[in-house]
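# Structure at a glance
Okay, here's what each chain looks like letter by letter:
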Amino acid sequence: MIKTRDYSQSLFNRNKNKTIETLCLQNTLSLTKSSTTIPIKNYQNSLYTGIISIGTPAQSFPMIFDTGSSSLLIASNECKSDYCKKQKSYDHSKSSSYEQGTITSRITFGTGRIETQFSKDKVSLGPIEVKSVCIGEILKEEGEVFDQSQFSGIVGLSYPSLSIKEQIPLFDSIIESKELDKNVMTFYYSKNQGQKGQM
């Protein structure tokens, strides 16, 4: 299954009079390559995960690449829920590039609910490094969807209109750098569990 998102008409026209905290509204990008390929693992034809790194030094995590959302959410080591204990978690105290935030949010999914505290840190996706990315640190998890150790969080791949607290999604930050030849991102999700896809 191949999905493509064309970012050439991405949504960057924002109301400048927003009263929401601007912590998550500006990112700085440095690219080492104009394009890259990320392997995607098929888990029971239900979840598709790939590796990203967060912080300085980098902490690596298996993440769901989700085309139906736009936010970057990661299990925090401060989460006390039983589900969190099964996941590899992000420890912001070990990152010199961490920036504390004050925005919190409760998010309900069809199969669960989480509570998050938003902060900023550097995110690496293959050779691409994005500084000061807005991250939702998960402090509480409820729902059976989290009862799997195959992932630590979600990387939203959809449009800014679906983002939480109006944060700029990771891939839109890449677009704003204007260093890509084409603002296009393509996904291949394999149909067989033993076969890897790619992004």
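Described below are features of the structure shown in this document.

On to the overall build of the protein chain. Across its full length, the protein chain carries one helix and 12 strands. Each helix (α) and strand (β) of the protein chain, taken in turn from the N terminus, gives the series β-β-β-β-β-β-β-β-β-β-α-β-β. For the protein chain, the proportion of its 199 residues judged to be buried stands at 47%. Within the protein chain, residue pairs in contact and separated by at least 24 positions form 70% of the contacts whose partners lie at least 6 positions apart.

We now examine the environment of P169. Locating P169 in the fold gives a position in the loop between β10 (153-156) and α1 (170-176). Taking relative accessible area as the criterion, P169 reaches 2% and is therefore assigned buried. Through-space distance from the C-alpha of P169 to that of Y159 is 7.5 Å; in sequence the pair is 10 residues apart. Not counting chain neighbours up to four residues away, the residues in contact with P169 comprise S70, S158, Y159, P160 and S163.

Here the focus is the pairing of strand β5 (residues 59-66). The sheet contact formed by strand β4 (residues 47-54) and β5 spans six bridges and is antiparallel. Note that in β5 the partner of S53 across the bridge is S60. Hairpin connection, β4 to β5: the antiparallel pair is bridged by four residues, and G55 has positive phi, about 95 degrees. Strand direction decides the pairing type here: β5 and β10, joined by four bridges, are parallel. Each bridged residue has a counterpart across the sheet, and for D66 the counterpart in β10 is G156.

The tally for this structure, following the rule as stated, stands at four salt bridges. Across the pair K140 and E142 runs a salt bridge whose closest N-O atoms are separated by 3.3 Å. For E142, a relative accessible area of 28% corresponds to the partly exposed category. Where salt bridges share partners, they join R113, K140 and E142 into one cluster.

Moving on to the nonpolar core. By size, the foremost hydrophobic cluster in this structure holds 26 residues, and its most contacted members are F65, L72 and M199. Elements supplying a minimum of two residues to this core: β4, β5, β6 (72-75), β8 (113-125), β9 (128-142), α1 and β11 (184-188). With near-sequence residues (within four places) excluded, M199 lies in contact with T36, T37, I38, I40, F65, L125, L157, F171, M185, T186 and F187. Core analysis: the second largest hydrophobic core is formed by 14 residues, L47, I64, I114 and F118 among them.

Counted according to the given criterion, the structure contains one aromatic pair. Aromatic pair F61 and Y90: ring centres 6.5 Å apart, planes at 80 degrees, arrangement edge-to-face. Taken as a pair, F61 in strand β5 and Y90 in the loop between β6 and β7 (104-108) lie far apart in primary sequence, 29 residues in all. Each member of the pair, F61 as well as Y90, carries the same accessibility label: buried. One residue, K88, lies across the ring of F61, its end atom 5.6 Å from the ring centre.

Rules used in this analysis
Counting restarts for each chain: residues are numbered from 1 in the order of the written sequence. In keeping with the model being predicted, local features are shown solely for residues with a pLDDT of at least 70 and side-chain atom pairs are shown and tallied solely at 80 or more, while totals for entire chains, interfaces and linings include all residues. To obtain the side-chain values, all non-hydrogen atoms of the structure were included, while hydrogens and water were left out. A run of H or I in DSSP counts as a helix once it spans at least four residues, and a run of E counts as a strand once it spans at least two, with each numbered from the N terminus. Each residue is placed in one exposure class: buried if its accessible area under a 1.4 Å probe, protein chains only, is under 20% of its type's maximum, exposed if it is over 50%, and partly exposed if it falls in between. Residues count as neighbours in contact if any of their non-hydrogen atoms are within 4.5 Å of one another. A strand pair is defined by DSSP finding two or more bridges across the two strands. The salt bridge definition used is simple: a Lys or Arg side-chain nitrogen within 4 Å of an Asp or Glu carboxyl oxygen. Definition used in this section: a nonpolar core is a set of buried Ala, Val, Leu, Ile, Met, Phe, Trp, Tyr and Cys residues joined via side-chain atoms within 4.5 Å. Pairing of aromatic rings covers Phe, Tyr and Trp, the last through its six-membered ring, and needs centres within 6.5 Å; plane angles under 30 degrees mean stacked, over 60 mean edge-to-face, and all others mean tilted. Comment: the charge-over-ring label is applied if NZ (Lys) or CZ (Arg) is within 6 Å of the ring centre and within 35 degrees of the ring normal.

Interpretation in functional terms is not warranted from these geometric data alone.
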